[in-house]
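# Coordinates in review
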Amino acid sequence: MTAYLLRRTAFLVVSLLLAAAVLFLLLRLLPGDPANSLLSVGATPDQIEAARHQIGTDRPLPEQFVSWLGQLATFDLGESFVSTLPVGPEIATRLVVTVPLTLLSFVLAVVVAVPVGFVAAHKANTWYGSILSGVSQLGIAVPVFWVGMLLITVFSLSLRVLPAGGFPQDDWADPAKALTSLTLPVITVALVMSASLIRYVRSATLDVLGSDYLRTSRALGSSFARAMWRHGLRNAVVPVISILGIELASTFLGAVVVESVFALPGLGGMLVKGLAQHDYPVIQGILFVSTLVVLVIGFVADLVQRLIDPRLRHSLARDAR
Amino acid sequence: MSVEQAVVGAPEEDGAKTTPRHVSRSVTLTIGCVLVGVIVIVAVVSLFWVPFAPEDTSGRRLMPPGLPHLLGTDKLGRDLLTQLMIGARIALAAGAGSVVLGGVIGIAAGLAAGFATRWLDDVVSALLDILIAFPTLLLAMLVAATQAASLTSAIVAIGLAMSAIVARLTRVLVKRVLAQDFITASRTSGTSWPRVVIEHVLPNIWPTLSVNLALQFGLAVLAEASLSYLGLGAPPPNASWGRMLQEAQASVFIAPVGVIAPGVLIVVLVIGVNLIADGFRDVADPTRRRRR
């Protein structure tokens, strides 16, 4: 286990370094001069040169990369070209919205998807089992922002029970108010997320229901509930955990899009603005933090999976990654 | 799941249920083909004929459905049906373009990794893991934003992100096939590696791969819609369904069709593609049948 932990941690660090390199290169290789974002239209070549010098894009690429890595090592994400404020603290304040949105949506999605997925598998041959599968089929085909628009139309504009967007100025000073503004976004993300999760839970449950060990256990006299509890659950949970890691990561990304629909001051709004202004430090910072989040989630999901499933700790160590 | 398991598992599983199962599968496939077919026909028709010119803003703004604008007009007075028809073209182009790009790069990289020595394979698969961890939509946003946003930039972004997923799947499938005895037999009887790939590897991985590509098609359509919604897709006057939704959002009560129709069409296309994938999976790959 220790050896695995070391190897997996090394993999995490290397991944982060490579991700940083990919990010850096992509941003530099693609057309568009960040110096333009500092200047008004019709700037003289001298001004452009000065702007490039000011933000450091006139230096050679490797030098820029190394200095960026050095900054990252000290948790310094640089300063915005446009507002000249440090990016790190700005991201931190934005996470106050994005992280609760992600976690609440994720929890809601899991709470909905696990029982529904189980029933959809257990009652696969009945009419409501088919309806549940059909609904989840519909759910994975719906664009998340459209769900948000429809929910706003119904609950904010027609029924006027929930706000259509925005977030309290004082963040979480009044938790009730903050939660009210997050209600519709959370439901939006959770609806779409639970649809794909239901399919995984259903598939994992179907595998278990068709398994020989469950049949043997039943043949030996266990009730269905007892056989499921003692044998089925442990086996069904393993693939679901690894999917949960991926789902949590995509919940985070779904949140980024949904923030635009509900005009929430989160990471998504910041990214869209940064993209429009070619504000490289902001884009770099957000993408780096997002990648970090996604990689760490994968890391934790792998560890949890190994703790739960002793088989992974032995022969299949290589594939487990 | 090993091949033995699947073969032994199949008869007891299917048995008497074979007929209804087959029927339900072909129904899935048929519905999927009809849904996608409708969108394809609309897109093809839009190449030759649309009710109004896409830039034609002569209509009154936000008209309700009626004559001469069958589905009404948008906030600039453009014909909604025209926009929707052109949107079908863009959605299909986004899906097909990304799948072709992602598929070609992904399958090539996956084949290379599958054949590579262990050391190279480790490096490639670690790289793929990282690329996959790299959030697809963010990557797409990045490419779409640093270029002037266009349909091509969206396709390139989505296709590149997709290629990592396809490559990883291809690699696993190739490894599985290469471990089979018939590959050894084929090699022993003097077949060259390129011929082994063409005659044995590709036909064996194609069923699983094509199902995955179909699912990726749906995801690409959704991703393009999200990008356009955020203003990072095809610029006006190209009517992408995502951008239509964004533009219609403010006038949902005056002109609800503008908010409903593009969304419904996205759902129809994606569900259709997913149903085709589901149906095809069971036709092409009997070992997966008992999972569904």
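Everything below is about the structure printed above this text.
Residues numbered from 1 in each chain as written. Chains lettered and ligands numbered in written order. Predicted model: local features only at pLDDT ≥ 70, side-chain atom pairs only at ≥ 80, totals over all residues. Heavy atoms only, no water.

### Digging into empty space enclosed by the protein
All names here are of chain B. Just so we agree on the cut-off: A cavity, in this analysis, means grid points on a 1 Å lattice covering only the protein atoms where a 1.4 Å probe fits yet has no way out; a pocket is instead an open set bounded by protein on both sides within 12 Å along at least five of seven lines, and a residue lines either one if it has an atom within 4 Å of a point. Grid points are joined across faces, edges and corners, and a volume is the space filled by probe spheres set on the points. We count a stretch as a helix when DSSP gives it H or I for four or more residues in a row; a strand needs E for two or more, and each element gets its number in order from the N terminus.
Taken as a whole and judged by the stated rule, the model has one cavity of 30 Å³ or more. By volume, the largest cavity is sized at about 110 Å³. The set of elements that each furnish at least two residues to the lining of the largest cavity consists of α3 (80-115) and α9 (241-248). Looking at the lining of the largest cavity element by element, the count peaks at three residues for α9.

### What about the packing of aromatic side chains?
Inclusion rule: For Phe, Tyr and Trp, rings pair up if their centres lie within 6.5 Å, where Trp contributes its six-membered ring, and each pair is then called stacked (planes under 30 degrees apart), edge-to-face (over 60) or tilted (otherwise).
Within this structure, the stated rule accounts for six aromatic pairs over all chains. Seen in terms of ring centroids, A:Trp127 and A:Tyr128 are 5.4 Å apart; in terms of plane orientation they differ by 80°. Their pairing is edge-to-face. With centroids separated by 5.3 Å and ring planes inclined at 75°, the aromatic side chains of B:Phe115 and B:Trp193 adopt a geometry described as edge-to-face. Highlighted residues: B:Phe115 in helix α3 and B:Trp193 in helix α8 (residues 193-229), separated in sequence by 78 residues.

### A short note on the environment of B:Gly263
Filter applied, for reference: Burial here depends on accessible area, computed with a 1.4 Å probe over protein chains only, as a share of the maximum for the residue type. Under 20% is buried, over 50% is exposed, and the range in between is partly exposed. We call two residues contacting when some pair of their heavy atoms lies within 4.5 Å.
In this fold, B:Gly263 is placed in helix α10 (residues 256-284). By relative accessible area, B:Gly263 is classed as buried at 0%. Between the C-alpha atom of B:Gly263 and that of B:Ile105, which follows or precedes it by 158 residues, the distance is 31 Å. In this view, B:Gly263 contacts A:Trp146 and B:Leu245; residues no more than four positions away in its chain are not counted.

### Here we look at the nonpolar core
To be explicit about the condition: Here, nonpolar core means buried Ala, Val, Leu, Ile, Met, Phe, Trp, Tyr and Cys residues that are tied together by side-chain atoms lying within 4.5 Å of each other.
The biggest cluster of nonpolar side chains holds 120 residues, and the ones touching the most others in it are A:Phe145, B:Met141, B:Trp241 and B:Leu269. Broken down by element, the residue count for this core peaks at 16 residues, all from α8(B). Ignoring anything within four residues of it in the chain, the contact list for B:Leu269 reads B:Val36, B:Ile39, B:Ala91, B:Leu92, B:Val221 and B:Trp241. Counting 11 residues, the second largest nonpolar core, distinct from the first, contains A:Leu197, A:Val201, A:Ala204 and A:Leu244.

### Some points on a nonpolar patch on the surface
To be explicit about the condition: Exposure above 30% relative accessible area and the absence of a salt bridge qualify a residue for a patch, where like charges join within 9 Å and nonpolar side chains (Val, Leu, Ile, Met, Phe, Trp, Tyr) within 5 Å. Every accessible area reported is derived by Shrake-Rupley at a probe size of 1.4 Å, with residue values counting cover from the shown protein chains alone. Salt bridges are identified by distance alone: a Lys or Arg side-chain nitrogen within 4 Å of an Asp or Glu carboxyl oxygen.
A cluster of nonpolar side chains, contributed by A:Met1, A:Leu292, A:Val296, A:Val300, A:Val304, A:Leu307 and A:Ile308, occupies part of the molecular surface with about 540 Å² of accessible area. For A:Val296, the position within the fold is in helix α11 (residues 280-308).

### Description of helix α4 (residues 87-122) of chain A
The condition is simple: By this rule the span expected of a helix is its residue count minus one, scaled by 1.5 Å. At every residue, the bend is computed as the angle between two fitted axes, covering the seven residues ending there and the seven beginning there respectively.
End to end, α4(A) covers 50 Å across 36 residues, agreeing with the expected 52 Å (1.5 Å per residue, within 8%). The axis of α4(A) is deflected most strongly, by about 40°, at A:Leu95.

### Brief notes about the environment of A:Leu197
Residues and elements named next belong to chain A. Relative to the helices and strands, Leu-197 is located in helix α7 (residues 175-209). Leu-197 gets classed as buried once you look at its relative accessible area, which sits at 2%. Here the alpha-carbon distance between Leu-197 and Val-294, two residues 97 residues apart in the chain, equals 18 Å. Excluding residues that lie within four positions of it along the chain, Leu-197 makes contacts with Ala-109, Val-110, Ala-113, Ile-243, Leu-244 and Glu-247.

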